[in-house]
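# Structural overview for review
One-letter residues, chain by chain:
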Amino acid sequence: MTAATDADGIRRRTQDLLAAHPPATTGRAEFLRARFDAGLAWVHYPAGLGGLGAPRSLQAVADAELAAAGAPDNDPRRIGIGLGMAAPTILGYGTDEQKQRFLRPLWLGEEVWCQLFSEPGAGSDLAALGTRAVRDGDDWVVDGQKVWTSSAHVARWAILIARTDPGLPKHRGISYFVCDMTDPGVEVRPLRQITGEAEFNEVFLTGVRIPDSHRLGPVGEGWKVAQTTLMNERVSIGGARIPREGGMIGTVAKTWREHPGLRTHDLHQRLLTLWVEAEVARLTGERLRQQLVAGQPGPEGSGMKLAFARLNQEISGLEVELLGDEGLLYGDWTMRRPEIVDFTGRDAGYRYLRSKGNSIEGGTSEVLLNIVAERVLGLPPEPRNDKDVAWKDLAR
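To start, this report covers the structure provided alongside it. Please read all numbers here as calculations on a predicted model, not as lab measurements.

Let us now look at the pairing of strand 5 (residues 174-180). By the criterion of burial, strand 5 is predominantly enclosed, with six of the seven residues buried. Pairing between strand 4 (residues 157-163) and strand 5: seven bridges, direction antiparallel. From the neighbouring strand, A158 faces strand 5, where its bridge partner is C179. The pairing of strand 5 with strand 8 (residues 215-216) spans two bridges and is classified as antiparallel. Bridge pairing in strand 8 links F177 to R215.

As structure tokens, this is what we get:
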């Protein structure tokens, strides 16, 4: 393989990979392993961990070359939690052994990840979580319940935060772990949603043993580690790269063009407004990704996720109105446990119902508004009377 320190180097390295492993004659799994080992999985990661230590912006160079050659991808929608949340957290806080063990099968899609953060009594106020982790020799014994867990029914591993010291205020005394979802103490139950599907789950943890070697970051500093996960989550949800007139606005625009008899002046004005807002959000997402080249995501990702939720809900509502009586139809209420969320491949009724969850998942819109107000606009924080109170003494 050639050296890769700039765009030309990345391009040459990609061509070397394609020459040694032609996509037309190389199996998908074999090609993905070769791509990872060549440092072209995520070029900004260190050498040996799927990267080259190159600027993040050069990933687009490799991706373009691979796409043009018809190379297979790693099905990123199926493993989005691993790619967008677990991987950057492991990279930032994991030991060398943890990075070597988890990152390669994560990127290859051999091991699916889920996120055990929210609880029935600690959703918007995540730091109030009550799942306990108690030290027992070289292990931690975990008991508690998590909820709204995407992909738990197919996951091999989970990123988990649990309370290790209830005598400290709620944002302290939390530790961060990698949990084995095949442990006999892990029970996953489906949560059927308004769409009819059970894409989310609730997870019960009973005497789950996690070795201390699967802890990420120092004991008691899990909230700090979790911030890396949460900021990356909001970027991955709200700042996904899409083409112009891509995503849900593209679906509605297509319906508008193909059904002129459904048009009214009011719907036309609303479509134009949402089209412009969707394009502004798309370009803002491009700018945010350029900022990521310089470091970790900041609170701006919360603003992108806010816009994503609002736009999806307004666009899906417009689509239902545009379709009239047809918009009231719903294709299939069959109970399924899907691996991915497919907004554009389903009917308008599904998009309308599923988009209601966009303002909840990945941080509620109300919480994100506070983050933008305090950390982006510099407004004074809301008064809090629990900041210095031990978690065990809080009213629940």
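Quick look at the nonpolar core now. Residues W42, W113, F117, I161 and Y176 are the most contacted members of the largest nonpolar core, which totals 34 residues. Listing elements by their share of this core, those giving two or more residues are helix 2 (28-37), helix 4 (80-93), helix 5 (96-108), strand 4, strand 5 and helix 6 (222-238). With near-sequence residues (within four places) excluded, F117 lies in contact with L126, K146, I159, L160, I161, Y176, A226, T229 and L230. Membership of the second largest hydrophobic core comes to 18 residues, among which are L160, F177, C179 and L205.

Further remarks concern the packing of helix 2 against helix 5. How two helices pack is summed up by the angle between their axes together with the distance between the axes. Running from N to C, helix 2 and helix 5 cross one another at 135°; their axes reach a closest spacing of 10 Å. Viewed along their axes, helix 2 and helix 5 adopt a mutual orientation that is oblique. Relative to helix 5, helix 2 is oriented so that their crossing is right-handed. Mapping the contact onto sequence places L32, R33, R35, F36 and D37 in helix 2 and L103, R104, W107 and L108 in helix 5. Of the residues contributing to the contact of helix 2 with helix 5, the split by class is five nonpolar, no polar and four charged.

This brings us to helix 7 (residues 247-258). Between the first and last C-alpha of helix 7 there are 17 Å, a value that for twelve residues agrees with the 16 Å anticipated at 1.5 Å per step. Along helix 7, the residues that are buried comprise M248, I249, G250, T251, V252, A253, T255 and W256.

This part takes up helix 1 (residues 7-20). Between its first and last C-alpha atoms helix 1 spans 20 Å; for 14 residues at 1.5 Å apiece the expected length is 20 Å, and the two agree. Those residues of helix 1 lying buried are G9, I10, R13, T14, L17 and L18. Looking at the buried residues of helix 1, the elements they touch are helix 2 and helix 3 (59-68). Where helix 1 begins, one side-chain oxygen reaches toward the backbone nitrogen of D8, 3.3 Å away; that side chain belongs to D6.

Next up on the list: the packing of aromatic side chains. Overall, the coordinates contain nine aromatic pairs when judged by the stated rule. On the numbers, 5.5 Å between centres and 55° between planes, the contact of W140 with F177 is tilted. In this pair, W140 sits in strand 3 (residues 139-146) while F177 sits in strand 5, placing the two residues 37 residues apart along the sequence. The same class applies to W140 and to F177, which are both buried. Here the aromatic cluster, defined as three or more aromatic residues joined through ring pairs, consists of F102, W113 and W157. Above the plane of the ring of W157 lies R156, whose end atom (NZ or CZ) is 4.2 Å from the centre. Across from the ring centre of Y350, 3.9 Å away, lies the NZ or CZ of R346, which sits over that ring.

Notably, D75 is not glycine yet its phi reads approximately 55°, a positive angle. Along the polypeptide, D75 turns up in the loop between helix 3 and helix 4. Positive phi values are uncommon outside glycine, yet W148 reaches one of about 60°. Within the element layout of this structure, W148 appears in the loop between strand 3 and strand 4. W148 gets classed as exposed once you look at its relative accessible area, which sits at 52%.

Rules and cut-offs
- Residues numbered from 1 in each chain as written.
- Predicted model: local features only at pLDDT ≥ 70, side-chain atom pairs only at ≥ 80, totals over all residues.
- Heavy atoms only, no water.
- Buried < 20%, exposed > 50% of the residue type's maximum accessible area, 1.4 Å probe, protein only.
- Helix = DSSP H or I, 4+ residues; strand = E, 2+ residues; numbered from the N terminus.
- Pairing = 2+ DSSP bridges.
- Core = buried A, V, L, I, M, F, W, Y, C linked by side-chain atoms within 4.5 Å.
- Contact = heavy atoms within 4.5 Å.
- Axes fitted to C-alpha atoms, helices over the stretch in contact; angles between N-to-C directions.
- Parallel < 35°, antiparallel > 145°, perpendicular 65-115°, else oblique.
- Left-handed = near helix turned anticlockwise from the far one by under 90°.
- Nonpolar A, V, L, I, M, F, W, Y, C, P; charged D, E, K, R; others polar.
- Expected span 1.5 Å × (residues − 1).
- Polar contact = N/O pair within 3.5 Å; in protein donor to acceptor, adjacent residues only side chain to side chain.
- Phe/Tyr/Trp six-rings, centres within 6.5 Å; stacked < 30°, edge-to-face > 60°.
- Lys NZ or Arg CZ within 6 Å of the ring centre and 35° of its normal.

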